[in-house]
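Examination of the molecular architecture
Each chain, written out:
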Amino acid sequence: MDVRRQVSMVFHLDKCIGCHTCSIACKNVWTDRKGTEYMWWNNVETKPGTGFPTLWEDQEKYRGGWELDGDDLRLKLQRKGGALANLFYNPRLPQLDDYYEPWTYRYQDLFDAPAGDDQPTARPISLVTGEYMNIEAGPNWDDDLGGSPIYAANDPNLEGVSEEERRQLTELERLVFFYLPRICNHCVNPGCVAACPMGAIYKRGEDGVVLVSQDKCRGWRMCISGCPYKKVYYNWSTGKSEKCILCFPRLETGQAPACFHSCVGRIRYLGVLLYDADRIEATAKVQTNRLIEAQREMILDPFDPYVIEQAKRNGIADEWIDAAQRSPVYKFVKSWNLALPLHPEFRTLPMLFYIPPLLPVMASMKKATYDIDEREFFGSIESARVPLRFLANLFSAGDIEPVSLVLRRLIAVRAYKRAGTVGDITQAQAGSMLDAVGLTEEEAVAIFRLTSLPTYDERFVIPPYQREAAMEELFGDPLAQKGETGFGPRARPRRGA
Amino acid sequence: MSWIKDIVDPQARRWEEFYRNRWQYDKTVRSTHGVNCTGGCSWEIFVKDGIITWEMQQTDYPALEAGLPPYEPRGCQRGISFSWYIYSPIRVKYPYVRGALLDLWEEARREHGDPVAAWEWIVTDEARRARFQQARGKGGFRRVSWEVALEIVAASSISTIKRHGPDRVVGFSPIPAMSMLSYAGGSRFLQLMGGVNLSFYDWYSDLPNAFPETWGEQTDVCESADWFNSKYIVSMGSNLNMTRTPDVHFISEARHAGAKFVVLSPDFSQVAKYADWWIPVHAGQDGALWMAVNHVILKEFYAGRQVPYFVDYLKRYTDAPFLVELEPHNGGYRPGRMLRANRLERYREVENGEWKMLVLDAATGEPRMPKGTIGYRWSTEQGNWNLLMQDGLDNGEIDPDLTLLGKSDDVQAVNFSDFGRDAELSRSVPIKRFETAEGPVLCATIFDILMAQFGVGRGLPGAYPASYDDDIPYTPAWQESYTGIDRQTVIRLAREFAENAERTQGRSMVIIGAGINHWYHNNLNYRAPIVALVLCGCPGRNGGGMNHYVGQEKLAPVASWQSVAMALDWSKPPRLQNAPSFHYVHSDQWRYEGDFTRYHPVPGADGETDARGHVVDLQAKAVRLGWLPFYPQFNRNSLELVQEAMASGADGDEGIVAWTAEQLRRGTLRFAADDPDAPECWPRVWFIWRGNALLSSAKGHEYFLKHYLGTHTNTIATEVAKESVRDVVWHEESPKGKLDLVVDINFRMDTSALYSDVVLPTATWYEKDDLNSTDLHSYMHPLSEAVPPCWESKSDWEIFKALAKKVGELAEQHLPEPVKDVVCLPLQHDTPDELAQPRVADWRKDECDGIPGKTMPRLAVVERDYRRLYERFISLGPLARRDGMGAHGVHYAIDDLYDEMVRTGPVVESQGARYPSLDDAQDAANAILRLSPECNGEVSYRAFAEEEKRIGLTLTDLAESSRDVRYTFKDLQRQPRRVLNSPCWSGLVSNGRAYAAYCLNTERLVPWRTLTGRQHLYLDHDWYIDFGEQLPTYKPRPGVVALREMAETQSQASSIRVNVVTPHGKWHIHSTYYDNLRMLTLSRGMEPFWLNDKDAAEIGIVDNDWVEVFNDNGVVVTRSAVSARIPRGVAFYYHSPERTISIPKSPLRGNRRAGGHNSLTRTRLNPVLMAGGYAQFTYAFNYWGPTGVNRDTWALVRKLPELTW
């Protein structure tokens, strides 16, 4: 057993309001400079929809992530002739149009327009060329089903959804959408790391954060292809690739990443997971229908004395073990099986997990009237507006069972709480709902509390980074660093360096 | 294979400093955004190298009681993008004046040494005036010095005051709560001059008239944390995710705590995604659905069986047991006025007997006169204005009958209107007969009349439905054709809603917002769900009630703030104008419509009735009867009028008032409302600050451009009022360009700035100190100066100080002595004026005597001292000390606190006297905090003590535990602070309890400020009876033909007609943030026109095509967003785009620049909402009056044939 630690994440999609505050928190701090205009380390997508960059989930198009080839696991990108053959021409790289051409406006015309016979207006201009442009795409173009006949209808996750269900997704009775916020998954088996010909990408030992070294990167961009989530971006100004850094400067100082901190839907949780690095390869190679289970098995019980012992042997401090024991992520992912990885079939073993959303119940049209004929108080998953197949394609590699269990558990907890506070659902009814999904009353209460009542410190259990020790290794005496930090030049990455 | 590499050479990781360096910063400051979003979020502003780099949410809100989710973090995508603005290219950095005006000004100043004379040289010459008016909005700005800008503005103000009167100088700024001092700076400046402040809450159509109608309250709602206390939440017309973004987590958290969440919304919206049930009610038909819900509740929870909690609630807290006289009407009977105590022998001599209403006592079988009605509120003997069910005559206990069924003298057929089908329904109700001096009267309880109105027969004869399947009002079957929702769904909704309330004692809640309140019959659409809530005992309960969120209307320290803001410390009364009436009349939108009865028919309104005719005539009537304000008030200069009065021998202020009233009665002095198009009645100078008055809120924007500004317009509507108008003077030629000067104070070059004459650069919300509060949470927030005002900007407070100084300087020569000004204002809410007019009677028609303050507006004489404008501005004046402070009918003394402030400072010394300082915004903030019950425990205690005397019940215990709490501005900067219990508000917040409206009423028996002191299901004002709105009812939406939105508009090849609605958008708050690159990038680079996919296909439009949308009012050119989530026949154009951003030209309207969402709208006033001088229907600023509907309209849409810029 090789115990490693990972600062991991859960996004509770039932709580997500699609506001994109997270996206801007990130943009303000990290990607508001030349070369990064089009980057959205954190973005939010409307589902069904085609996402950003467009159709990123379509790996026949982009060849991201891994695939099983017999007993071998290899990057999809390397399917023909390996990576180096395509080093100078990578047809699988998303192009500007797959992202969008960033723009601004000639705002100054409003001040400077000479007296004329009509009102001035600020026209859009390209941030790339400076020329007038027509805006045809953006980082959130299909927001809230914008352009749904073009975008939502082409969501790759609709695969296997029946024609009838697809058609209904544009009808009153079944129409639906929800949101999918995305950051780097800081995978345990990252495609970007494996694809980089320079060895410029590494996963930090202390917290599992995956970083592109701005020193080493030479801008080959294989990472962009290798990442099936398209969460590495190329900075055209510095000639380096950049990606979500999980706000490590904030983590290192005990603060949640900016997108977590700013999440006003309070959907985000962050905490330490311990996992067994010896099992990475085997986990990444299991049959598709075993992926979720195998990844959960790879994640270790931080209360298990043997795990603790092995963790200490790997130099993991007591405080980190304590943080792992208090981790809300561990509870959602492993204790309650409520949080699932996004597209586990990409086999990168993402360490960001999602709780799929409950959605309004379907209705039926009776001649001219709309009737909700569902009789369960909170509805049943069979009557939910989104086809389970769709959610399963997103979160469980097409297997309906894990998604179904999560949703039934969420409903059972709600019923349990209603029974205790209102009583129109009886205690007996609620009890049998809990039994049916294998939850105890104590677990139901704990799930409710962590869902509804958590404080900032309960949502984000940030381990102590002990930076003095890290600095000792890096700079020598922390006392010297106390006097010197900040005096050095602020080095910028240089193109070609 | 090595999968992860955790042993990386530490030296190879030194580059990580790159990102660490970026994260570093120099300081952070707490501030928030003043944007009328209701957020009131606490933000941490990061400053590095003296530059604001970004903002993140603060998370240090004081916790509420255990068991409630915390508030942190608050702040949405819009708020977090604000830092973009500070240094953005749309930032107004310097003062600007349009070149056409500046050229004239420079020429004038060369000719005239005196700035006032220079101004008059420009504006008294029609050609010169037209030259700069026609240039408005068409470029040509020039940067000027502050000195020049201030001089132009001050000269125009002085000149206007002298030539036309101070009430021709008007100002508009919205919703003070979002930056109280920035508002107050402008209003204080205007009121010290005698100028006019325009209201905002009603103009934005945010004012829910059903709140004053039902509760005598402008708006009072629960804070968002209280949603978590609810177990059944219905959201309607409120897209919580979009517009209550920082709060909506409480909904999901409530759901996971076992609450059910139901969303009524025509489109599958963001909030629908959150729902258990999404019910796509046809746009604007929510009221019909709730009428049927009420039918089911009354039938199953009142008629079928009785729920003790409901019955008890109805008897204690509502008007349901009160008796109503049935009055003969059109050969039958209709529900008339409530039975008044003085009609009966037993109570003939009681004080205010006309204003004390009666119930039938079960024990005696006799009518009894419970305490708490409005007659007790304004009686000489205090202490009986409370909700004890006791007879005010002898303190005898009363057990009121809800129904007379089984004990009635008879049953009587009564007529009820079915407005949907223009029919009358005759239904019997059980009645009692009482002897009055005028003969016998037939009476029924309001409860029984409600039963009849809703069609619950209980075995009584008449046109009652036999079952839910009978398609007559107001059964579940009846509503289907209006709402499109199946009866079964409605029945289940009603049952679940009521059963939940029964089991939880009222924890069923309705959350409601702009989506409902912007329809013409907004009050009826609100009253219908209010009935359901009241029937289920929900208002006044944590987790229950009617929670309306639209504007950030809740200014917590309202009493002390209004003293400062309205300059009540120096002179009163202020001139406060309801903006809907102002704009409807002055922007001449009234000229484009005929009789309102075309779109708001009232069946059976024949003969002499106010329920038909032209709105502008009723508007004029509402003014002369003292119901609504109107400025300019007269066709004469109010300063000259005083001179003339005194010259005519008028003695003292009373003499001036009497003389003025006599001129009005004789007709030698006219109300400007009677002839608004006469030049002597025009507004002349308009200050706009903190808002986007020319577009975002300007319903009928194109008429603003035409009649206010005199510049280009895209309207093609024709003026049709001539044949309809009887009283108001008709001028054949409508005036173009009424305004001499438009001043915009702004940090953005938005549409209002673009069309103004003078643009003054203001500090942003990260560059000034200010105060902020909201109804969505219970904390006081600061705005703080993270960096000094950038470039040449100044805070609003400092700008108005500078203007005050400049006006004062010019006054040295032009208005050197104090002058008297006669102020005309309507009868006032929360004063004895509420008893002024028991019946509607028009003195001009000799139906009564014309008496100021009774049957006419109030008249008051105020002294102005223009030379001392600045000194008064910066000091808290002596009237505050003398008169104390108060709000919402509550009053308290502050003389000792005032003296203490003079002792401890800071003070301003003027002419030997020392005053508490308001010199800078922090001084003013501290004065407001110190003198308010919400932020000073001692003031809270004394306000409750005062209230105890009026109520006759103990209240001071509510303030005991916080008596030593006192917040200063610095305290707020350290951490947001929770407001204290205050009698100015109706919620209770002790020990972290979530604020919910009316808990003070239900728990401490403080009456509501209504006719009966109870919640009103029944409204017996004469106009309500005439308009058939005495009962909650359903009236159809005005139709496209009746509204004349497309009388002149020709349909084009491949165009379809759509109902355009303008809900609040996701990527901006009103127009703020609309021009922000962050938001534009995350949306579509502009505000698209959302169309249903099938509708779009019909006219060959695909997603992102350019479209042209047009009707008589104007034209819009934008991109389309084609989506299945939009219902057919409806189009969404989210409020509010800017004409400044990426708007092409319109081929259909002369290839001129197309407009914004309000280019398609025109305002209409619902006259029933003008009712006044009567209990809760008595005017207060932003509290009562018609709202600025409609923001929905009809238009044709087609693919844009050619794109031109």
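What counts, and at which threshold
Residues numbered from 1 in each chain as written. Chains lettered and ligands numbered in written order. Predicted model: local features only at pLDDT ≥ 70, side-chain atom pairs only at ≥ 80, totals over all residues. Heavy atoms only, no water. Helix = DSSP H or I, 4+ residues; strand = E, 2+ residues; numbered from the N terminus. Rg over C-alpha atoms; globule rule 2.2 N^0.38 Å. Buried < 20%, exposed > 50% of the residue type's maximum accessible area, 1.4 Å probe, protein only. Contact = heavy atoms within 4.5 Å. Areas by Shrake-Rupley, 256 points an atom, 1.4 Å probe, with all protein chains shown as cover. Lys, Arg positive; Asp, Glu negative; His and termini not counted. Charge placed at Lys NZ, Arg CZ, Asp CG, Glu CD. Expected span 1.5 Å × (residues − 1). pLDDT = per-residue confidence, 0-100. Polar contact = N/O pair within 3.5 Å; in protein donor to acceptor, adjacent residues only side chain to side chain. Pairing = 2+ DSSP bridges. Axes fitted to C-alpha atoms, helices over the stretch in contact; angles between N-to-C directions. Domains from an automatic or database assignment. Buried area = accessible area lost by both parts, 1.4 Å probe. Salt bridge = Lys/Arg side-chain N within 4 Å of Asp/Glu carboxyl O. Nonpolar A, V, L, I, M, F, W, Y, C, P; charged D, E, K, R; others polar. Phe/Tyr/Trp six-rings, centres within 6.5 Å; stacked < 30°, edge-to-face > 60°. Lys NZ or Arg CZ within 6 Å of the ring centre and 35° of its normal. 1 Å grid on protein atoms, 1.4 Å probe; cavity = no way out; pocket = protein on both sides within 12 Å on 5 of 7 lines; lining within 4 Å. Points joined across faces, edges and corners; volume = space filled by probe spheres on them. Core = buried A, V, L, I, M, F, W, Y, C linked by side-chain atoms within 4.5 Å.

Along the backbone of chain B there are 38 helices and 40 strands. At 29 Å, chain B has a C-alpha radius of gyration in line with the 33 Å of a compact globule built from 1205 residues. Its C-alpha atoms give chain B principal-axis dimensions of roughly 105 × 85 × 70 Å. Looking at chain B as a whole, 74% of its 1205 residues qualify as buried. Long-range pairs, those at least 24 residues apart, make up 76% of the contacts in chain B with a sequence separation of at least 6. When the accessible surface of chain B is totalled, it reaches about 30,900 Å², and 47% of it is carbon and sulfur. Distance between charge centres in chain B, computed from 133 positive and 155 negative side chains, equals 4 Å.

What follows concerns helix α18 (residues 522-535) of chain B. Residue and element names in this part refer to chain B. Taking 1.5 Å as the rise per residue, α18 with 14 residues should run 20 Å; its terminal C-alpha atoms sit 20 Å apart, in good agreement. Judged by how many residues are buried, α18 sits mostly within the fold: 14 of 14 residues are covered. Gly-537, located one to two residues past α18, shows a positive phi value of around 65°.

Looking at chain B, the pLDDT average stands at 97 and 99% of residues meet or exceed 70. At the level of chain-chain contacts, confidence expressed as ipTM amounts to 0.97, with global pTM at 0.97.

Attention now moves to the side chain of His-518 of chain B. Residue and element names in this part refer to chain B. Structurally, His-518 is set in the loop between α17 (514-517) and α18. Within the local environment of His-518, its side chain forms a polar contact with the backbone oxygen of Tyr-204, the two atoms lying 3.3 Å apart. When residues no more than four places from it in sequence are discounted, the contact partners of His-518 are Tyr-204, Ser-205, Asp-206, Lys-699, Val-1189, Asn-1190, Arg-1191 and Asp-1192.

Bringing the sheet that holds strand β33 (residues 1055-1061) of chain B into the picture now. Residues and elements named next belong to chain B. Taking strand neighbours around the barrel as the criterion, the six strands line up as β33-β37-β34-β36-β35-β40 in a closed arrangement whose pairing is mixed. Taking each pair of neighbouring strands and ignoring which way they run, the sheet shows an average axis angle of 45°. Pairing between strand β34 (residues 1089-1092) and strand β36 (residues 1115-1123): four bridges, direction parallel. Within β36, the position partnered with Trp-1090 by the bridge is Ala-1121.

What follows is about the domain arrangement of chain A. Residues and elements named next belong to chain A. Per the domain assignment, the segments making up chain A are domain 1 (14-251) and domain 2 (265-459). Each of domain 1 and domain 2 has a C-alpha centre, and these two points are 26 Å apart. Contacts between the two partners involve 50 residues from domain 1, matched on the other side by 46 residues from domain 2. When the two sides are added together, the surface that domain 1 and domain 2 hide from each other amounts to roughly 3,900 Å², 66% of it contributed by carbon and sulfur. Our enumeration of links across domain 1 and domain 2 arrives at zero salt bridges. For the side of domain 1 that touches domain 2, the elements supplying multiple residues, two or more each, are β3 (66-69), β4 (72-75), β7 (178-182) and α7 (248-251). Broken down by element, the side of domain 1 that touches domain 2 gets its largest block of residues, four residues, from β7. Partitioning the side of domain 1 that touches domain 2 into residue classes produces 25 nonpolar, nine polar and 16 charged.

Let us now look at the packing of aromatic side chains. Counted under the stated rule, the structure contains 102 aromatic pairs over all chains. Between Phe-11 of chain A and Phe-260 of chain A, the ring centres sit 5.7 Å apart and the planes meet at 65°, which makes this aromatic pair edge-to-face. Pair noted here: Phe-11 of chain A is in strand β1 (residues 3-12) and Phe-260 of chain A is in helix α8 (residues 258-261), with a separation of 249 residues, a long-range link. Residues Phe-11 of chain A and Phe-260 of chain A agree in their burial class; the two are buried. Aromatic pair Tyr-269 of chain A and Phe-332 of chain A: ring centres 4.8 Å apart, planes at 65°, arrangement edge-to-face. Linking Tyr-269 of chain A in strand β12 (residues 268-276) with Phe-332 of chain A in helix α13 (residues 328-335), this pair joins segments that are 63 residues apart in sequence. Tyr-269 of chain A gets classed as buried once you look at its relative accessible area, which sits at 0%. Members of the aromatic cluster, each reached through a chain of ring pairs, are Phe-211, Trp-215, Phe-301, Tyr-302, Tyr-309, Phe-310, Tyr-313, Tyr-317, Phe-447, Tyr-998 and Trp-1008 of chain B. Geometry around Trp-1090 of chain B places Arg-1125 of chain B over its ring, the cationic atom sitting 4.4 Å from the centre. If you follow Arg-1164 of chain B out to its NZ or CZ, it ends over the ring of Tyr-599 of chain B, 5.9 Å from the centre.

This next bit is on the layout of surface pockets. To find leftover empty space, a probe the size of one water molecule is rolled over the atoms. In this structure, the second largest pocket occupies an estimated 920 Å³ of space. In this structure, the second largest pocket is lined by 36 residues; those nearest its centre are Asn-28, Thr-31, Asp-32 and Arg-33 of chain A together with Arg-22 of chain B. Counting residues per element, the ones that place at least two in the lining of the second largest pocket are α1 (21-30) and β5 (103-105) of chain A together with α1 (17-23), β3 (51-57), α2 (83-86) and α37 (1077-1082) of chain B. Here the lining of the second largest pocket is composed, by residue class, of 17 nonpolar, eight polar and eleven charged.

Okay, unusual backbone geometry next. The omega torsion across Pro-473 of chain B and Tyr-474 of chain B is -5°, close enough to zero to call that bond cis. One can find Tyr-474 of chain B in the loop between α14 (446-454) and α15 (476-483). The step from Gly-905 of chain B to Pro-906 of chain B runs through a cis peptide bond, and the omega angle for that step is 0°. Its place among the elements puts Pro-906 of chain B in the loop between α29 (895-904) and β30 (907-910). Its identity is not glycine, yet Ala-397 of chain A carries a phi of approximately 50°, on the positive side. One non-glycine residue, Arg-458 of chain B, lies in positive phi territory at about 50°. The topology assignment puts Arg-458 of chain B in the loop between α14 and α15.

So, about the interface of chain A and chain B. A common way to express how large an interface is: the accessible area buried when the components associate. Listed as interface residues are 135 residues of chain A and, on the opposing side, 131 residues of chain B. A buried area of about 11,400 Å², summed over both sides, lies between chain A and chain B, and 57% of it is on carbon and sulfur atoms. It is Tyr-107, Phe-111 and Gln-119 of chain A in chain A that bury the most area against chain B; as a group they hold 7% of the surface buried on that side. Counting across the interface, chain A meets chain B through 17 salt bridges. Summed over the shared surface of chain A and chain B, the number is 77 residue pairs in polar contact (both at pLDDT 80 or more). In terms of residue count, α1 of chain A provides more of the side of chain A that touches chain B than any other element does, seven residues in total. When the residues that make up the side of chain A that touches chain B are grouped by side-chain class, the tally is 68 nonpolar, 30 polar and 37 charged.

This paragraph deals with the pattern of salt bridges. In this structure the tally under the stated criterion is 139 salt bridges over all chains. Via salt bridges that share partners, Arg-204, Glu-206, Asp-207, Glu-252 and Arg-467 of chain A together with Arg-13, Glu-16, Glu-17 and Arg-20 of chain B belong to a single interconnected network.

The subject of this paragraph is empty space enclosed by the protein. Residues and elements named next belong to chain B. All chains considered together, the criterion is met by 19 cavities of 30 Å³ or more. The volume enclosed by the largest cavity comes to roughly 590 Å³. Of all elements in the fold, only β8 (232-236), α9 (240-243) and α17 reach the threshold of two or more residues within the lining of the largest cavity. Among the residues forming the lining of the largest cavity, the class breakdown is 18 nonpolar, 18 polar and six charged. Estimates place the volume of the second largest cavity at around 390 Å³. Around the second largest cavity, the lining comprises 31 residues; the ones closest to its centre are Pro-174, Arg-690, Gly-691, Asn-692 and Thr-1072. Partitioned by chemical class, the residues of the lining of the second largest cavity number nine nonpolar, 14 polar and eight charged.

A separate point is the environment of Val-144 of chain B. All names here are of chain B. With respect to the secondary-structure elements, Val-144 resides in the loop between β5 (141-143) and α6 (146-163). On the basis of relative accessibility, which here comes to 9%, the residue Val-144 falls in the buried class. Apart from residues lying up to four places away in sequence, Val-144 is in contact with Pro-95, Tyr-96, Val-97, Leu-102 and Ala-149.

A few words now on the nonpolar core. One finds Phe-189, Trp-227, Trp-290, Ile-297, Tyr-302, Trp-686 and Phe-687 of chain B to be the most contacted residues of the largest nonpolar core, which totals 574 residues. Counting residues per element, this core draws most heavily on helix α11 (residues 286-303) of chain B, which supplies eleven residues. In this structure, this core is formed jointly by two domains, domain 1 (14-251) and domain 2 (265-459) of chain A, each of which donates at least three residues. Ile-1056, Val-1058, Leu-1091 and Val-1109 of chain B belong to the second largest nonpolar core, which has 17 residues in total.

This brings us to the pairing of strand β2 (residues 43-48) of chain B. Residue and element names in this part refer to chain B. Buried residues dominate β2, accounting for six of its six residues. What you see with β2 is no split at all: Trp-43, Ile-45 and Val-47 on one side and Glu-44, Phe-46 and Lys-48 on the other are buried throughout. Sheet analysis places β2 next to β3, joined by six bridges and oriented antiparallel. Counterpart to Phe-46 in the pairing with β3 is Trp-54. Between β2 and β3, which pair antiparallel in sequence order, lie two residues; one of them, Asp-49, sits at a positive phi of approximately 55°.

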